[in-house]
Amino acid sequence: MAIEFRAVSKRYPDGTVAVDDFSVLMPAHKTTVLVGSSGSGKTTLLRMINRLIEPSGGVIAIDDEPIAERDPVKLRRGIGYVLQNAGLLPHFSVVDNIATVPVLNGVPRGRARERALELMDVVGLERGLAKRYPSQLSGGQQQRVGVARALAVDPNILLMDEPFGAVDPIVRRELQTETIRLQRELEKTIVFVTHDIDEAFLLGDQVVILEKGARIAQIGTPEQIIENPASDFVADFIGVERGTRALHAKQTPRGTVLVDAAGRTQGVLVEGAA
Ligand SMILES: Nc1ncnc2c1ncn2[C@@H]1O[C@H](COP(=O)(O)OP(=O)(O)OP(=O)(O)O)[C@@H](O)[C@H]1O
């Protein structure tokens, strides 16, 4: 399902303009990443898709149907939502956390639990963890439960708000890889919020770089943005002159290698490839 923002704005009651005239098409079955610094309006954009926040102006449409005309509860049934701290219910076991929403929707408990176990397989959680409580899981495992729970209603759309912000870098990398695998297998339309540009480039088919007021600094594939940053702001934000993206060629007896700004060799230059 494609999601389209048409001239959407959001002004909070205190006068803060969090989103100012935002228009973007998020294609079906692709991952769109919203990336920007703190306060740029990413979460506001995301939460307008499932109507946890109502826009002050403009239209948001899913497959061309404006969501303002849809019943919010029914709308949310088709949309999975994953949050940074996983948002699990502390007194519910893993399996019941995953099964909660289907049970609320009327699926018999036994059937919902069965499906929850299947979803544990999908997100790479051992079924042996099913009876544990969230506090008995690692941060990475909790996040996987959060993803399984979001998938439990079999949504076409998955909203992910900094889902891996609170886990350590190694687990984060694992979860990122899992997200790419899940996307390939399940073909959901994913909207992913992060302030980490590397995560954005890794996961995004389409990356939207935001400035304050959710103004679009650049939108494109990771390749388009890296190869042709639209402004000094974007060049600076994506770090074209720093870290792993600032590569220079170094000659070695066996050929040319590429070295990043920190002096680490990142790879070998293969002439004529790609
Ligand atoms: N309920 C609210 N009332 C007033 N202002 C708000 C409210 N919620 C968010 N804002 C403001 O709107 C702007 C955008 O906030 P939002 O949470 O969407 O940004 P964000 O890019 O997700 O930030 P972060 O990365 O820190 O989560 C900020 O200036 C924020 O202070």
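Cut-offs and rules
- Counting of residues starts from 1 at the beginning of each chain's written sequence and follows it residue by residue.
- Per-residue local features of the predicted model are confined to residues with pLDDT of at least 70, and side-chain atom pairs are confined, for both listing and counting, to 80 or more; whole-chain, interface and lining totals are unaffected and use all residues.
- Just so you know, side-chain values use all the structure's heavy atoms and leave hydrogens and water out.
- Whether a set of points on the 1 Å grid over the protein atoms alone is a cavity depends on a 1.4 Å probe fitting there but being unable to get out, while an open set qualifies as a pocket with protein on both sides within 12 Å along at least five of seven lines; lining residues are those with an atom within 4 Å of a point.
- Grid points are joined across faces, edges and corners, and a volume is the space filled by probe spheres set on the points.
- Elements are defined by DSSP. Helices are runs of H or I of four residues or more, strands are runs of E of two residues or more, and each kind is numbered from the N terminus.
- The classification used treats Ala, Val, Leu, Ile, Met, Phe, Trp, Tyr, Cys and Pro as nonpolar, Asp, Glu, Lys and Arg as charged, and all other residues, Gly among them, as polar.
- A simple rule labels every residue: compare its accessible area, found with a 1.4 Å probe on the protein chains alone, to the largest value its type can have, and call it buried under 20%, exposed over 50%, or partly exposed in between.
- Counted as positive: Lys and Arg. Counted as negative: Asp and Glu, with His and the chain ends omitted from the count.
- The salt bridge criterion pairs a side-chain nitrogen of Lys or Arg with a carboxyl oxygen of Asp or Glu, the two atoms within 4 Å.
- Under this definition, polar contacts are N or O atom pairs within 3.5 Å; protein pairs additionally need one hydrogen-donor-capable and one acceptor-capable atom, and for neighbouring residues in sequence, both atoms have to be side-chain atoms.
- Whether a residue is near a molecule or strand depends on its heavy atoms: if one lies within 4 Å, it is near.
- Note on areas: these come from Shrake-Rupley sampling with a 1.4 Å probe, and a residue is covered only by the protein chains present in the view.

A. Molecular detail of empty space enclosed by the protein. Applying the stated rule across the entire model yields two cavities of 30 Å³ or more. There is about 60 Å³ of room inside the largest cavity. Of all elements in the fold, only helix 5 (139-151) and helix 6 (169-186) reach the threshold of two or more residues within the lining of the largest cavity. Partitioning the lining of the largest cavity into residue classes produces five nonpolar, one polar and two charged. Roughly 40 Å³ of volume is contained in the second largest cavity. Lining the second largest cavity are Val-147, Leu-158, Met-160, Thr-179, Leu-182, Gln-183, Lys-188 and Ile-190. Sorting the residues of the lining of the second largest cavity by element identifies strand 7 (157-161) and helix 6 as the ones contributing at least two each. Here the lining of the second largest cavity takes three residues from helix 6, the largest share from any one element.

B. Main features of the side chain of Asp-161. Mapped onto the elements, Asp-161 comes out in strand 7. There is no salt bridge for the buried Asp-161, and the closest opposite charge comes from Arg-47, which lies 5.9 Å off by N-O distance. Among the polar contacts listed, one links the side chain of Asp-161 to the side chain of Thr-43, at a separation of 3.1 Å.

C. Structural context of the site of the ligand. Every residue near the ligand is listed here: Tyr-12, Asp-14, Thr-16, Ala-18, Ser-37, Ser-38, Gly-39, Ser-40, Gly-41, Lys-42, Thr-43 and Thr-44. With respect to the ligand, the side chain of Thr-43 contributes an N or O atom lying 2.8 Å from an oxygen atom. Out of a free accessible area of 630 Å², the ligand has 59% covered by protein chains. No other element matches the three residues that helix 1 (residues 42-49) contributes to the shell around the ligand. When its residues are assigned to classes, the shell around the ligand shows two nonpolar, eight polar and two charged.

D. Region of the structure containing the layout of surface pockets. The volume enclosed by the largest pocket comes to roughly 320 Å³. Surrounding the largest pocket, 14 residues form its lining, Ile-79, Tyr-81, Val-101, Arg-149 and Ala-150 being those nearest its centre. Of all the secondary-structure elements, those providing two or more residues to the lining of the largest pocket are strand 6 (79-82), helix 3 (94-104) and helix 5. Among the elements that make up the lining of the largest pocket, the one with the highest residue count is strand 6 (three residues). Partitioning the lining of the largest pocket into residue classes produces eight nonpolar, four polar and two charged. Quantified by volume, the second largest pocket comes out at close to 230 Å³. Every residue lining the second largest pocket is listed: Pro-169, Arg-172, Arg-173, Gln-176, Asp-196, Asp-198, Glu-199, Phe-201 and Leu-202. Its residues assigned to classes, the lining of the second largest pocket shows three nonpolar, one polar and five charged.

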